[in-house]
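# Reading the structure
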Amino acid sequence: MTEAGATGKRPVKRRQGPARGRILDAAARRFYADGVAATGIDTITAEAGVAKMSLYNNFDSKADLVTAYLGARHEEWLGLYRRRLADAGTPRDAVLAVFDAYADHAGLAYEHGFRGCGLLNAAAELPTGHEGRAVVRRHKEEVEGLLVTHLRELLSDRDGKARDDGPRAGKVLAEQVLDGEALDEKVRDAAEHLAFLLEGAIVRAGLEGDGTRMRRARAMAASLVDGL
């Protein structure tokens, strides 16, 4: 059965023209600066310079617009992370690229200055069950997953070196080699630790309005990674 047959309606095709981009950009500015609940549809359409009908031609509802905003903010962060990753020469650098991308996001030009993670700020305003909260959760899980990937590569490289050097360097290096299960556990624990450090730093940076906490968090992360 087709979608139209199952629902009795034809699927709505959303426009992907310039009006959608202007609406999303305006919503991003207002949601971040003023909050989701405090920002009405009229405010967004006025800032975007479009009619209210244009908004509803592109988004089903304000909730739909909020979800799109959160998805766009996630993609914005991914772009910053990929640029940092392109300059990372080692797995250690790749781990720190995650922290650098957070700092880059915090350093963007915001109307009222940096107010913390826009994703978490929005999630705090959304009710349980709102799709936007799921978007935020997936973002945070993806960030932690990136840390897992880079840490696994880093520790696997070190284990490979320990296996190669063990017979020459003696018992100490040989004992540093982890089996697969132990390696996975160490990677997961370290990634969770780093994720908590990252999120705590971004919250404090938002409250204090500058990047000092982000720089401190990066330095702590580097020390933690070097000590693994």
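What this report covers is the structure whose coordinates are included nearby. Note that the structure is predicted; figures quoted are calculated from it, not measured. (Residues numbered from 1 in each chain as written. Predicted model: local features only at pLDDT ≥ 70, side-chain atom pairs only at ≥ 80, totals over all residues. Heavy atoms only, no water.)

## Let's talk about the overall build of the chain
A count of helices and strands for the chain gives 11 helices and 0 strands. Beginning at the N terminus, the succession of helices and strands in the chain can be written as α-α-α-α-α-α-α-α-α-α-α. Burial statistics for the chain: of 228 residues in total, 41% are counted as buried. For the chain, contacts bridging at least 24 residues in sequence account for 70% of all contacts bridging at least 6. Element-wise, carbon and sulfur atoms account for 52% of the exposed surface of the chain, whose accessible area totals about 12600 Å². (Helix = DSSP H or I, 4+ residues; strand = E, 2+ residues; numbered from the N terminus. Buried < 20%, exposed > 50% of the residue type's maximum accessible area, 1.4 Å probe, protein only. Contact = heavy atoms within 4.5 Å. Areas by Shrake-Rupley, 256 points an atom, 1.4 Å probe, with all protein chains shown as cover.)

## Some points on the pattern of salt bridges
This model, assessed by the stated rule, comprises 15 salt bridges. Among the ionic pairs, arginine 138 bridges to glutamate 131, the shortest N-O distance being 3.0 Å. Judged by relative accessible area, which is 45%, arginine 138 ranks as partly exposed. The partner of lysine 140 in a salt bridge is glutamate 199, with the nearest N and O atoms 3.0 Å apart. Taken together, the residues span a long stretch of sequence, with lysine 140 in helix H8 (residues 131–169) and glutamate 199 in helix H10 (residues 180–208) at a distance of 59 residues. We note that lysine 140, like glutamate 199, is buried. Linked by salt bridges that have partners in common, Arg29, Arg30, Asp34, Glu47 and Glu111 make up one network. (Salt bridge = Lys/Arg side-chain N within 4 Å of Asp/Glu carboxyl O.)

## Digging into the packing of aromatic side chains
Overall, the coordinates contain 5 aromatic pairs when judged by the stated rule. Their ring planes at 80 degrees and their centres at 5.6 Å tell us that tryptophan 77 and tyrosine 102 sit as a pair that is edge-to-face. Pair noted here: tryptophan 77 is in helix H5 (residues 62–86) and tyrosine 102 is in helix H6 (residues 91–106), with a separation of 25 residues, a long-range link. Members of the aromatic cluster, connected to one another through ring pairs, are Tyr32, Tyr110 and Phe114. (Phe/Tyr/Trp six-rings, centres within 6.5 Å; stacked < 30°, edge-to-face > 60°.)

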